[in-house]
Amino acid sequence: MNMDPAPYPIGTPGTPWGEAERARWRTLQRRQRSYEAEVLNVIERLRPRFDVQQYGQLNYGDKRFPLMAIRSRDWRDELPVVLVTGGVHGYETSGVHGALQFVERHAADYAGRVNLLVAPCISPWAYERIHRWNAHAVDPNRSFLENSPAEESAALLQLVAPVRERVLLHIDLHETTDTDESEFRPALAARDGKPYEPCGIPDGFYLVDDSKHPQPAFQQAVIEAVEKITHIAPADDNGEIIGSPVVAKGVIQYPLTELGLCAGMTKARYKTTTEVYPDSARATPEQCNTAQVAAVCAAIDYALAHR
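Keep in mind the model is a prediction, meaning the values are calculated, not measured.

Helix and strand content of the protein chain: 8 helices and 10 strands. Taken against the 2.2 N^0.38 rule, which gives 19 Å for 307 residues, the C-alpha radius of gyration of the protein chain at 19 Å falls within 12% of a compact globule. Across its three principal axes, the protein chain shows a C-alpha extent of roughly 60 × 50 × 35 Å. Within the protein chain, counting contacts between residues at least 6 apart in sequence, those at least 24 apart form 77% of the total. When the accessible surface of the protein chain is summed, it comes to about 13400 Å², and 50% of that surface belongs to carbon and sulfur atoms.

Right, dumping it as structure tokens:
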């Protein structure tokens, strides 16, 4: 029996997409939620307590998306900088709301100890369409590069540039979902003219460390904090998570900077990418948000204790 997956409905197998295929893909993306109502309105509530900055604007068709960051009000140049990012992939909901929840409930705990810079929703067009890519079918999380092909990534790079050398910690909040396997990986293979190879979805939370500058004790401190909230993804039968060897409980490694990943955009000593699994039967949306918050707090606490 032929078990090969059906070809992706856009493009010709084996042939990378051109502009016509990208345009057709774009027509299939439907707005499913509101960046203004769910993100911008929350940020507005934070203005009395934090400095709020617009660091760019995306213009897609007739829609305008202001790109917003939240800063410590008591910013002092002698303090280390902590960078928290979410929503690089717009469909990863708890990355966005976990970042906002951290600011609302816990950022004040670090006043006078660190300078916080939080960009909670880097890809608002994709947030509204619950998608991984931007409107040009480009993945912002492979685009943190010089002359970036993604406006979302270029804007964040410009925002962070003045403090890039002073970032002590960068934690980038993500999710791994069932749609990675049902939609996003097949779409990626079709876009690039490559065969689709199923990878499987890990059930639970995990972290991605920097293979060039690993910090195993830091990663484990974050895992231990999150484990009190939600379960940690086990290795598969090959000792891997999403095709990468598990180097410690719930931890894999990527060369973050070389791949153009958001977590590799600074020279921070401590950097990590979180991956929550919201489709697990053992996790709720609130648990996922809380797990992201716990990860941020544990990461800051460790970085401050081991400067």
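Our next topic: the sheet that holds strand β4 (residues 115-119). Taken together, 8 strands build an open sheet; the order of strands is β1-β2-β4-β3-β5-β10-β6-β9 and the sheet is mixed. The open sheet has two free edges, formed respectively by β1 (51-60) and β9 (251-254), since each of these has just one partner strand. The mean angle between the axes of side-by-side strands here comes to 20°, regardless of whether they run parallel or antiparallel. Alignment of β1 against strand β2 (residues 63-71), held across 9 bridges, turns out to be antiparallel. Across the sheet, L58 pairs through a bridge with F65, a residue of β2. Contacts from helix α3 (residues 93-106) reach β2, β3 (81-86), β4, β5 (167-175) and β10 (270-276), with the element oriented near 135° to β5.

Before going further, it helps to examine the state of the cysteines. On inspection of all chains with the given rule, the structure shows 0 disulfides. As a non-bridged cysteine, C288 has C297 as the owner of its nearest cysteine sulfur, 16 Å distant. C288 gets classed as buried once you look at its relative accessible area, which sits at 3%. Using a relative accessible area of 13% as the deciding quantity, one classes C297 as buried.

A word on unusual backbone geometry. The phi dihedral of I130 falls on the positive side, at around 50°, and the residue is not glycine. Looking at the element boundaries, I130 is found in the loop between α4 (124-129) and α5 (151-160). We classify I130 as partly exposed; its relative accessible area is 32%. Unusually for a residue other than glycine, A137 sits at a positive phi of about 60°. By secondary structure assignment, the location of A137 is in the loop between α4 and α5. Among the residues examined, A137 registers a relative accessible area of 0% and is labelled buried.

Here the focus is the pattern of salt bridges. The full count for this structure, using the stated rule, is 15 salt bridges. The closest approach of N and O atoms between E44 and R47, which form a salt bridge, is 2.8 Å. With relative accessibility at 35%, the residue R47 sits in the partly exposed group. Residues participating in the shared-partner salt-bridge network are R31, E128 and R129.

What counts as what
- Residues numbered from 1 in each chain as written.
- Predicted model: local features only at pLDDT ≥ 70, side-chain atom pairs only at ≥ 80, totals over all residues.
- Heavy atoms only, no water.
- Helix = DSSP H or I, 4+ residues; strand = E, 2+ residues; numbered from the N terminus.
- Rg over C-alpha atoms; globule rule 2.2 N^0.38 Å.
- Contact = heavy atoms within 4.5 Å.
- Areas by Shrake-Rupley, 256 points an atom, 1.4 Å probe, with all protein chains shown as cover.
- Pairing = 2+ DSSP bridges.
- Axes fitted to C-alpha atoms, helices over the stretch in contact; angles between N-to-C directions.
- Disulfide = S-S within 2.5 Å.
- Buried < 20%, exposed > 50% of the residue type's maximum accessible area, 1.4 Å probe, protein only.
- Salt bridge = Lys/Arg side-chain N within 4 Å of Asp/Glu carboxyl O.

In short, geometric facts, not functional conclusions.
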